[in-house]
Structures are given as structure tokens and as C-alpha cells.
Amino acid sequence: EELEMVKSYGGSVAALGKAERFLYELGKDAHIRSKISWIQFIKGFDTARSGVSRSLDTVKRAIESLLNSQGIKQFLMVALRYGNTMNLGSKRYDNAYGFTLSSLLSLRHIKAAGRSKNLLLHLLRQVEGYGTSAVSIMDDLKMVEAASRIDMTYIRAEIVRIKRT
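Described in the following lines is the structure provided in the data block. These numbers were taken from a predicted model, which means no experiment stands behind them.

A separate point is the overall build of the chain. Of regular secondary structure, the chain possesses eight helices and zero strands. For the chain, the α and β elements follow one another from N to C terminus as α-α-α-α-α-α-α-α. Across its three principal directions, the C-alpha atoms of the chain cover 95 × 35 × 30 Å. The buried share of the chain, taken over its 165 residues, is 18%. Taking the average place of the 26 positive charges on the side chains of the chain and the average place of its 16 negative ones, the gap between the two points comes to 9 Å.

Set out below in C-alpha cells:
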């Protein structure tokens, strides 16, 4: 708008202020709009790339943390062993060789008969018997917690937006 207004100015260029004179000179360039658009794209690209890169780095560190954690491996091994023992003879779950990660959420709700202790606490005590503390498992999960806060829909949208431009 301002560029158009200055370009249509019919008076002496010397009478214009510094900012208006600058816009007047820019207006002489036939490709100024595309150049300004390009500058805006570059600035926005760097910002978007930086944000996406930081988020993906957090996810990568969370994955590495999971893959390298002996405590989490011990916990999953004990959980699998107990799950297979609990489901032994069950027509529905017999011969199941694994479990879903979402089923881990229910471990704290499964209680021993007549006791207030839940299966999650029992499994953690069993893992501690292998020399792994529950605290170290929680430390290994900190990066996973940070990665879980990342909005992957936003990341995908930013990547698509970057590819389009």
C-alpha cells in the first residue's frame, strides 16, 4: 500500500522524507514484490526449520533413551513374564507373546487379592531385584515425557508447508 502511494507521488523526490524516498527507490525495481516475498520466505523458513528441528531432535533423543535404557528393558521383560503367567490357560489370551503399550496403563489398576498393592508397584519391586531402581527408569522416561508434549500434527503441517514453498 505504502509503496503504491509513494510510486504515485507526483511531486519532487527531494521533498520526501528518508523513509518515503527509500520506498520510492524500491518502487523503481519491477521485481521488488517477489524479492520481498523471497526475503519473507527465507525468514519464515529459518524459523519453521529451527522449530521443527528442535522438536524432531527431542523425539530422536526420546527414542534413543528408550532403546538404550536397561531399566525399561528389564521392566518390559518382567511385565511380559507376569502377563504371560497371568494369562496362562486363558482361552482368550493363551499363547499371547506380547502386550500392547496401552495395556501398561492398566497395571496400576490391577490389585492383588485383598491387598492395596497394585501390579505396577509389584513389577517395579521385581525389577529392583535385578539391580535397576525405579528412579532410574523414571529418569530414562524424562525424554519420552518431553517428546510426548510435541504436537506431531503441527510438525507434519510445517513440513508440508515448507515443501510447498
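From this point, things continue past the structure.
With that out of the way, let us pick up the packing of aromatic side chains. Taken as a whole and assessed by the stated rule, the structure comprises two aromatic pairs. Between Phe 41 and Phe 45, the ring centres sit 5.8 Å apart and the planes meet at 35°, which makes this aromatic pair tilted. With Phe 41 and Phe 45 both in helix α3 (residues 32-68) and four residues apart, the pair spans about one turn of that helix. An aromatic cluster is present here, built from Trp 38, Phe 41 and Phe 45 joined pairwise through their rings.

So, on to the nonpolar core. Ranked by size, the top nonpolar core spans ten residues in total: Ile 72, Phe 75, Val 78, Ala 79, Leu 107, Leu 119, Leu 123, Leu 124, Val 127 and Ile 137. Mapped by element, the contributors of at least two residues to this core are α4 (70-87) and α5 (119-128). Non-local contacts of Leu 123, meaning those with residues more than four positions away in its chain, are made with Phe 75, Val 78, Ala 79, Tyr 82 and Leu 107.

On to the packing of α3 against helix α8 (residues 152-164), then. Running from N to C, α3 and α8 point in directions that differ by 140°, and their axes come no closer than 10 Å. The orientation of α3 relative to α8 falls into the category oblique. For the pair α3 and α8, the crossing hand works out as left-handed. Between α3, through Gly 44, Phe 45, Ala 48, Arg 49, Val 52, Ser 55, Leu 56 and Val 59, and α8, the contact on the second element is made entirely by Met 152, Ile 155, Glu 158, Ile 159, Arg 161 and Ile 162. Looking at the contact of α3 with α8 residue by residue, the class counts come to nine nonpolar, two polar and three charged.

Summed over all chains, the structure comprises four salt bridges. One salt bridge in this structure joins Arg 61 and Asp 57, with 3.2 Å as the shortest N-O distance. Residue Arg 61 and its partner Asp 57 are both found in helix α3; the two are separated by four residues, about one turn of the helix. In this structure, Lys 142 engages Asp 139 in a salt bridge whose closest nitrogen and oxygen atoms are separated by 3.4 Å. For Lys 142, a relative accessible area of 52% translates into the label exposed. Its relative accessible area of 41% is what places Asp 139 among the partly exposed residues.

Along the chain, Ala 14 turns up in the loop between α1 (2-7) and α2 (18-27). For the pair formed by Ala 14 and Lys 60, sequence separation is 46 residues and the distance between their alpha carbons is 58 Å.

This part covers a nonpolar patch on the surface. Residues Leu 56, Met 152 and Ile 159 make up a contiguous nonpolar surface patch of roughly 200 Å² in combined accessible area. Tracing the backbone through its elements, the reader meets Ile 159 in helix α8.

Here we come to the environment of Ala 147. Along the polypeptide, Ala 147 turns up in helix α7 (residues 142-148). On the basis of relative accessibility, which here comes to 15%, the residue Ala 147 falls in the buried class. Those residues within four positions of Ala 147 in sequence are excluded, and the remaining contacts are Thr 58, Val 59 and Ala 62.

What counts and how
- Residues numbered from 1 in each chain as written.
- Predicted model: local features only at pLDDT ≥ 70, side-chain atom pairs only at ≥ 80, totals over all residues.
- Heavy atoms only, no water.
- Helix = DSSP H or I, 4+ residues; strand = E, 2+ residues; numbered from the N terminus.
- Buried < 20%, exposed > 50% of the residue type's maximum accessible area, 1.4 Å probe, protein only.
- Lys, Arg positive; Asp, Glu negative; His and termini not counted.
- Charge placed at Lys NZ, Arg CZ, Asp CG, Glu CD.
- Phe/Tyr/Trp six-rings, centres within 6.5 Å; stacked < 30°, edge-to-face > 60°.
- Core = buried A, V, L, I, M, F, W, Y, C linked by side-chain atoms within 4.5 Å.
- Contact = heavy atoms within 4.5 Å.
- Axes fitted to C-alpha atoms, helices over the stretch in contact; angles between N-to-C directions.
- Parallel < 35°, antiparallel > 145°, perpendicular 65-115°, else oblique.
- Left-handed = near helix turned anticlockwise from the far one by under 90°.
- Nonpolar A, V, L, I, M, F, W, Y, C, P; charged D, E, K, R; others polar.
- Salt bridge = Lys/Arg side-chain N within 4 Å of Asp/Glu carboxyl O.
- Patch = residues over 30% accessible without salt bridge, like charges linked within 9 Å, V, L, I, M, F, W, Y side chains within 5 Å.
- Areas by Shrake-Rupley, 256 points an atom, 1.4 Å probe, with all protein chains shown as cover.

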